[in-house]
Amino acid sequence: MTGQHQRISRDTVFEVLSNSRRRFILATLRQSESPMKVTRLARLIGAYEDDVPPSEISATEEKRVYVSLYQSHIPKLEATGFVEYDEEARSVAETDATGEIDRYLGSVPPAVHWPRLNGIVSLVAGTAFLASAVDVGVLTGLSPHTLGSVVVLVFLSVTVAQYADHRRRSTARPPELREQ
């Protein structure tokens, strides 16, 4: 990625994102190891548009997409500072500015409101320990070790679920790359 960049105006971001091929390029670069060959982008976009696997895209279709990327979309993205194009390698790389599009492309929401769930679990665990300490209700028959083990297992389960949800969201395909 490049060094410092100037803040890109909202109008410029929306203009760039108004085209599905540019959104696809940016989303793909955000998810892959940059730089990416333009031929690879053309194959992926052609496959996406034709709803076929990349291995089934025709050479004619790949070339048609490649030309539009090379002549139109990549120069536009480069002029706005979202990508860098390497003429010699015929590859495109994201820049520091590429990250600005994340808030416009959207993100995958969490499955659960984790702060609220963590708060509820903590409140219930604290109440259970307090009730056990003053011999209230059904908790009087549980040993502190049993109660502690149950609380630890509940916290561990919530932590594992939160981690799994975080992994799901971090590896989810951006909206432009999701199946329609």
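Rules used throughout
Residues numbered from 1 in each chain as written. Predicted model: local features only at pLDDT ≥ 70, side-chain atom pairs only at ≥ 80, totals over all residues. Heavy atoms only, no water. Helix = DSSP H or I, 4+ residues; strand = E, 2+ residues; numbered from the N terminus. Buried < 20%, exposed > 50% of the residue type's maximum accessible area, 1.4 Å probe, protein only. Contact = heavy atoms within 4.5 Å. Arc of directions from axis to C-beta. Pairing = 2+ DSSP bridges. Core = buried A, V, L, I, M, F, W, Y, C linked by side-chain atoms within 4.5 Å. Polar contact = N/O pair within 3.5 Å; in protein donor to acceptor, adjacent residues only side chain to side chain. Axes fitted to C-alpha atoms, helices over the stretch in contact; angles between N-to-C directions.

Trainee: I'd like a description of the overall build of the protein, backed by residues and values.
Mentor: Across its full length, the protein carries seven helices and three strands. Going from N to C terminus, the protein has its helices and strands arranged as α-α-β-α-α-β-β-α-α-α. Relative to its 180 residues, the protein shows a buried fraction of 33%. Counting contacts in the protein only where the partners sit at least 6 residues apart, residues at least 24 apart contribute 65% of the total.

Trainee: Describe helix α1 (residues 10-17), listing the residues and the values that go with them.
Mentor: Note: α-helices contain 3.6 residues per turn, so residues at a spacing of three or four share the same orientation. The set of residues buried in α1 consists of V13, V16 and L17. Axial view of α1: buried residues confined to an arc of 95 degrees, hence all on one face.

Trainee: So what's going on with unusual backbone geometry? Residues and values would help.
Mentor: In the Ramachandran plot, D51 falls in the positive-phi region, its phi being about 55 degrees despite a non-glycine side chain. Mapped onto the secondary structure, D51 falls in the loop between α3 (38-50) and α4 (59-79). The phi dihedral of R90 is positive, around 55 degrees, even though this residue is not glycine. Within the fold, R90 resides in the loop between β2 (83-86) and β3 (91-94).

Trainee: Break down the pairing of β2 for me, citing the residues and quoting the values.
Mentor: Of the two faces of β2, the one holding V83 and Y85 is buried and the one holding E84 and D86 is not buried anywhere. In this structure, β2 lies alongside β3, joined through four bridges in antiparallel fashion. Across the sheet, V83 pairs through a bridge with E94, a residue of β3. What sits between the antiparallel neighbours β2 and β3 is a turn of four residues, in which R90 has the positive phi angle 55 degrees.

Trainee: Kindly report on the nonpolar core, identifying the contributing residues and their values.
Mentor: Membership of the largest hydrophobic core comes to 25 residues, with the highest contact counts inside it found for I25, L26, L69, F82 and V92. Listed by contribution, the elements that provide at least two residues to this core are α1, α2 (20-31), α3, α4 and β2. Other than its neighbours up to four places away in sequence, I25 contacts L41, I45, L69, H73, I74 and L77. Counting six residues, the second-largest nonpolar core is a separate cluster that includes A125, A128, A131 and L147.

Trainee: Explain the side chain of T98 residue by residue, including any values.
Mentor: Considering the arrangement of structural elements, one finds T98 in the loop between β3 and α5 (102-105). For T98, a relative accessible area of 0% corresponds to the buried category. Polar side-chain contacts of T98 include one of 2.4 Å to the backbone oxygen of F82. There is a polar contact of 2.8 Å between the side chain of T98 and the backbone nitrogen of T95. Look past the residues within four positions of T98 in its chain and what remains in contact with it is L26, R30 and F82.

Trainee: So what's going on with the sheet that holds strand β1 (residues 36-37)? Which residues, and what values?
Mentor: The antiparallel open sheet is built from three strands, whose spatial order is β1-β3-β2. Two strands in the sheet have a free side with no partner beyond their single neighbour: β1 and β2. When β1 meets β3, the two strands line up antiparallel, connected through two bridges. Directly across from M36, in β3, lies its bridge partner V92. Its contacts with the sheet put α2 on β1, β2 and β3, and the angle it makes with β3 is roughly 70 degrees.

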